[in-house]
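Structural features, examined
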Amino acid sequence: MSNPPLSPAACYHCGLPVPGHTDFHATVLGQRRRMCCHGCQAVAESIVENGLEDYYQHRSELPNTADELVPEELRQLQLYDHPEVQKSFVHDEAGDLLEAALILEGITCAACVWLNERHLQQLEGVVSASVNYSSNRARVRWDNNKIRLSQILAEIRKLGYHAHPFSAQQQEVVREQHRRQDFRRLAIAGLSAGQVMMVAVAFYAGPEQGLEPATAQLLRWFSLVMTVPALIYSAWPFYQAAWRSIVNRRVGMDVPISLGLITGFIGSVWVTFQGEGIVYYDTLTMLIFFLLATRYLERQAREKSVEAAENLHRLIPAMATRLDAQQQPQMVALHELNVGDILLVKPGEAISGDGVVTQGNSQVDEALLTGESHPVAKLPGAYVYAGSVNYESPLQIKITGLGEQTVIAGIARLLDRAQAEKPRLARVADRVAMYFTTILLIAVVVTGAVWWWIAPERCFEIILAVLVVSCPCALSLAAPAAFAAAGSHLVQRGVLLTRGHALESLAKVTHVVFDKTGTLTVGRPRITSTIPFHGYAADHVLRIAASLEQASEHPLARSFIDMVPLGERLPVLSASNQPGKGIGGEIDGQQYFIGNAALNPGVGYPTMTAMEPGASVVWLSNTHEVIAAFVLADIMRPGVGELIANLRARRIAVSILSGDTASSVQHFAEVAGITDWQAGLTPEGKLAALREMQQRGEVVAMIGDGINDAPVLAGAQVSFAMGNGTQMARASGDIVLLGENLQEIDHALTTGRFTVSVVRQNFAWALIYNALALPFAAAGLIAPWMAAIGMSVSSLIVLLNALRLR
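Parameters at a glance
Residues numbered from 1 in each chain as written. Predicted model: local features only at pLDDT ≥ 70, side-chain atom pairs only at ≥ 80, totals over all residues. Heavy atoms only, no water. Phe/Tyr/Trp six-rings, centres within 6.5 Å; stacked < 30°, edge-to-face > 60°. Helix = DSSP H or I, 4+ residues; strand = E, 2+ residues; numbered from the N terminus. Buried < 20%, exposed > 50% of the residue type's maximum accessible area, 1.4 Å probe, protein only. Lys NZ or Arg CZ within 6 Å of the ring centre and 35° of its normal. Pairing = 2+ DSSP bridges. Salt bridge = Lys/Arg side-chain N within 4 Å of Asp/Glu carboxyl O. Axes fitted to C-alpha atoms, helices over the stretch in contact; angles between N-to-C directions. Contact = heavy atoms within 4.5 Å. Parallel < 35°, antiparallel > 145°, perpendicular 65-115°, else oblique. Nonpolar A, V, L, I, M, F, W, Y, C, P; charged D, E, K, R; others polar. Core = buried A, V, L, I, M, F, W, Y, C linked by side-chain atoms within 4.5 Å. pLDDT = per-residue confidence, 0-100.

1. Comments concerning the packing of aromatic side chains
- According to the stated counting rule, one finds six aromatic pairs in the structure shown.
- Taken together, a centroid distance of 5.1 Å and an interplanar angle of 75° make the contact between Trp-221 and Phe-273 edge-to-face. Here Phe-273 lies in helix H10 (residues 254-274) and Trp-221 lies in helix H8 (residues 213-234), a separation of 52 residues in the sequence.
- Given a relative accessible area of 58%, Phe-273 falls into the exposed group.
- Ring geometry for Trp-236 against Tyr-239: centres 6.2 Å apart, planes inclined by 85°, an arrangement best described as edge-to-face. With Trp-236 and Tyr-239 both in helix H9 (residues 236-247) and three residues apart, the pair spans about one turn of that helix.
- One Lys or Arg, Arg-185, reaches over the ring of Tyr-233 and ends 4.6 Å from the middle of that ring.

Shown next, in the form of structure tokens:
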């Protein structure tokens, strides 16, 4: 297309005459262009800044309306700046600080990740940018006052990648496209290798078996034709990755692979045209096939590592039933929902957003969120989470979070953070692989020079063998494959790794420290004893108490409400809440009171003795007498004793650091079998005690759940945050326990040690293989086809060993 003609006095953008008294200009295509108004100037500058300057070269006519002044692509990007559009994928952190979840298409290697992260982090207003290589998902945080999301997307486009808002369904479509493309490349390489290898049998037989020169030449041409599709189409990702490595001044493992393929092909083509000599089409096609097969399996393993988290997103339904102002149900799309809407969730349906049950009584399956296999009872006032499934009866739910504001989205953000942070062993592997690749390229030059001097006719063959056999693919896969497999395994059990170093640190733990409240204990009081007086039945007084507590907002009220189903509670009239004392109300014509002794001082209260430390008493009375006493206390979580025993069997020391009273901490420590405990500690005191342990050389794992645990969680070498704890604790924890089963702590320690063991095995195999293969190849003892098989098999061994962790 040619640019439409413009008169010298016409606006370069819209073509209208430029008024004589104006002076608007914009630099387009390297030249200073005149503009008719400030609007055209702003639009032209925006087009240039967003990397869409080619619009001016390829437009065939000038725009006629104001709407056409902006290229379609730029207008589409600007749509993402609209708050309603951002609702489903942008997390509002604080003020103008926003975080978006994006899918990044075109990511083929670690160099792509590095390039995008580095470029975005250099933009003014971008606070952070991280790309998850396993899921191709990017998370970008920016100051909306300094830069817009559309500008960030345009910058990504300028690098040659395509970014769009994250959607589990969209990502699955993209991933399926990549999977099909990878399989096509693998299939073509396999077909080429099969055909060329059959022909190669004749070359191996040689003239001794009757191969005539004319036939050999025909077979060379046939092999060349069959090699071209594999070398150009199937091997294209290797060339792309190698080029990016060179541009970014990083020597990646695809550089020697590409050099080997190109060198081998050029040499073989030269021999084909000469009509005599050895060709290596069989080696090249076999190498491409084996490499692609290994990477296809590695990609499948990486995708499996994030599959559990992606399954959470896919559980959220695209449609929901919303109740309107007249309480009539309406089917609406997910993006039409707002915080505060009331949803009707029928049995068997998934819940569309986080919320609070306002009406109904049912069981909800939260297995994929918490790893717990049993459904959880949900009564009015209970929290429910997006993606969980309602089982028994209809629930009405008031939405408190949608899209990026849900617990599922928070889990995804923590997973992305963990996978964006490379473990130390993975960083070591990358550095060793980079150094080894540099040494390999130097060795190729030296080996070539030596053999050119000793036996020039073997020089090409040996250079090709050295390039192929010593590619550090196995070394580069050694750590990432193992960590990905272990992470996938733990997520399925409700253990979420939020930091890259977590598994390595778990393998070194010598001391486990627990907070008490909410960690070793359930974290909220439970009714441990019901004591009725004056002939009242225990179940009857409990029904009265639960009925009264429905109107209370006190934290203890939930302990009573959870004990009595909604249908068994009694109607209450004239409920009156007295802060600091309790609540009163009329049931069946009788006035009742529940609370402390100050609520109804006119009756006599019996003396309670032999209560466990930390327990409290709630009194139920009528206008004449006390009719019941309820003893409430925090209770130990199931499985604590077994966990402590397992830790001691590993010779891991166990302690409690708590801010609670000494009597309460001592009681629970004795029940759990823990002899080392400290009570009455402030957050600073907990951190000081932790530092003292670390100074003695201990590697400490801290488990906590509250805001006051955040400093000590951050200070420990590795930390667990309970999934039902505060947001601050979860943000500070390296690992989040999504369920209630403390036995997963022991399993995580086992997995950490096993993972480090597997990584070390992979390192040992990769280093031994490369150390032996390089000198053998340089000595001319390994043929190129043997080198191709050896390198591929070494990578496959590393990958299969890592998959044992799943």
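Now, onward.
2. Here's the deal with the sheet that holds strand S15 (residues 389-390)
- Strand order in the open sheet formed by three strands is S13-S12-S15, with antiparallel pairing between adjacent strands. Strand pairing shows two members of the sheet lacking a second neighbour, strand S13 (376-378) and S15, which therefore form its edges.
- As paired elements, strand S12 (residues 362-365) and S15 share two bridges and run antiparallel to each other. Across the sheet, residue Val-364 finds its bridge partner in S15, namely Asn-390.

3. What about the pattern of salt bridges?
- Following the criterion strictly, the structure yields eight salt bridges and no others.
- Residue Asp-341 is joined to Arg-322 by a salt bridge in which the shortest nitrogen-to-oxygen separation is 3.3 Å. Highlighted residues: Asp-341 in the loop between strand S9 (329-333) and strand S10 (342-345) and Arg-322 in strand S8 (residues 319-323), separated in sequence by 19 residues. The pair Asp-341 / Arg-322 is uniform in exposure class, with both members buried.
- Between Glu-744 and Arg-493 there is a salt bridge, and its shortest N-O distance comes to 2.9 Å. Of the two residues, Glu-744 is situated in helix H26 (residues 743-778) and Arg-493 in the loop between helix H16 (473-492) and strand S17 (495-497); the sequence distance between them amounts to 251 residues.
- The exposure class assigned to Glu-744 is buried, which follows from its relative accessible area of 10%.
- Via salt bridges that share partners, Glu-99, Arg-139 and Arg-141 belong to a single interconnected network.

4. As for the sheet that holds strand S26 (residues 676-678)
- The seven strands are arranged S17-S29-S28-S27-S18-S25-S26 in an open sheet whose pairing can be described as mixed. Every other strand in the sheet has two partners, leaving S17 and S26 as the edge strands with one partner each. Recorded for the sheet is a direction-independent mean angle of 20° between the axes of neighbouring strands.
- Judged from the three bridges that link them, S17 and strand S29 (residues 735-737) form a sheet pairing that is antiparallel. The residue of S29 that forms the bridge with Leu-496 is Val-736.
- Contacting strand S18 (511-514) and strand S25 (653-657), helix H21 (residues 640-649) runs over the sheet at an angle of about 160° to S18.
- In the packing of helix H23 (residues 683-695) onto the sheet, the strands contacted are S18, S25, S26 and strand S27 (700-704), and the crossing angle to S25 comes to about 160°.

5. Some details on unusual backbone geometry
- Of note in the backbone geometry, Leu-29 takes a positive phi value of approximately 55° without being a glycine.
- By the element assignment, Leu-29 lies in the loop between strand S1 (24-28) and strand S2 (31-35).
- Judged by its relative accessible area of 28%, Leu-29 falls in the partly exposed class.
- Even without a glycine there, the phi angle at Gln-327 is positive, about 65°.
- The topology assignment puts Gln-327 in the loop between S8 and S9.
- For Gln-327, a relative accessible area of 46% corresponds to the partly exposed category.

6. Overview of the packing of H26 against helix H27 (residues 784-802)
- Taken N-terminus to C-terminus, the directions of H26 and H27 make an angle of 170°; their axes are 9 Å apart at the nearest point. Of the possible angle classes, the one that applies to H26 and H27 is roughly antiparallel. Here H26 contributes Val-758, Gln-761, Asn-762, Trp-765 and Tyr-769 to the contact with H27, which in turn contributes Ala-787, Gly-790, Met-791, Ser-794, Ile-797, Val-798, Asn-801 and Ala-802.
- Grouping the constituent residues of the contact of H26 with H27 by class yields eight nonpolar, five polar and no charged.

7. Quick word on the environment of Arg-458
- Residue position: Arg-458 is located in helix H15 (residues 456-469).
- For the pair Arg-458 and Gly-448, spaced 10 residues apart in the sequence, the C-alpha separation amounts to 9.3 Å.
- Discounting residues that sit within four places of it in the chain, Arg-458 has contacts with Trp-451 and Gly-780.

8. Let's talk about the environment of Phe-238
- Mapping Phe-238 onto the fold places it in helix H9.
- A relative accessible area of 0% places Phe-238 in the buried class.
- On a C-alpha basis, the gap between Phe-238 and Leu-259 in space is 9.9 Å, while along the polypeptide they are 21 residues apart.
- What Phe-238 contacts, discounting residues up to four positions off in sequence, is Asp-254, Ile-257, Ser-258, Leu-261, Leu-291, Leu-292 and Arg-295.

9. What about the nonpolar core?
- Core analysis: the largest hydrophobic core is formed by 52 residues, its most contacted members being Phe-514 and Phe-720.
- At 11 residues, the largest contribution of residues to this core is made by H16.
- Excluding residues that lie within four positions of it along the chain, Phe-720 makes contacts with Leu-506, Ala-701, Met-702, Ile-703, Gly-704, Leu-713, Ile-735, Leu-737, Ile-745 and Ala-748.
- Counting residues in each nonpolar core, the second largest holds 45 residues, with Ala-189, Leu-261, Val-279 and Trp-451 among its members.

10. Here's the deal with the environment of Tyr-391
- Tracing the backbone through its elements, the reader meets Tyr-391 in the loop between S15 and strand S16 (395-401).
- Spatially, the C-alpha atoms of Tyr-391 and Pro-375 are 8.0 Å apart, while their sequence positions differ by 16 residues.
- Among all residues touching Tyr-391, those that are not within four sequence positions of it are Pro-347, Gly-348, Ser-362, Gln-363, Asp-365 and Pro-375.

11. Things to note about the side chain of Arg-220
- Its location among the elements puts Arg-220 in helix H8.
- Judged by relative accessible area, which is 7%, Arg-220 ranks as buried.
- The contacts of Arg-220, once residues within four sequence positions are left out, are Phe-203, Val-271, Thr-272, Gly-275, Glu-276, Gly-277, Val-279 and Tyr-281.

12. Considering the confidence of the model for the protein
- Per-residue confidence for the protein gives a mean pLDDT of 79; residues scoring 70 or more make up 81%.
- Below pLDDT 50 for its whole length, residues 64-69 participates in eight contacts with residues either more than four positions away or in separate chains.

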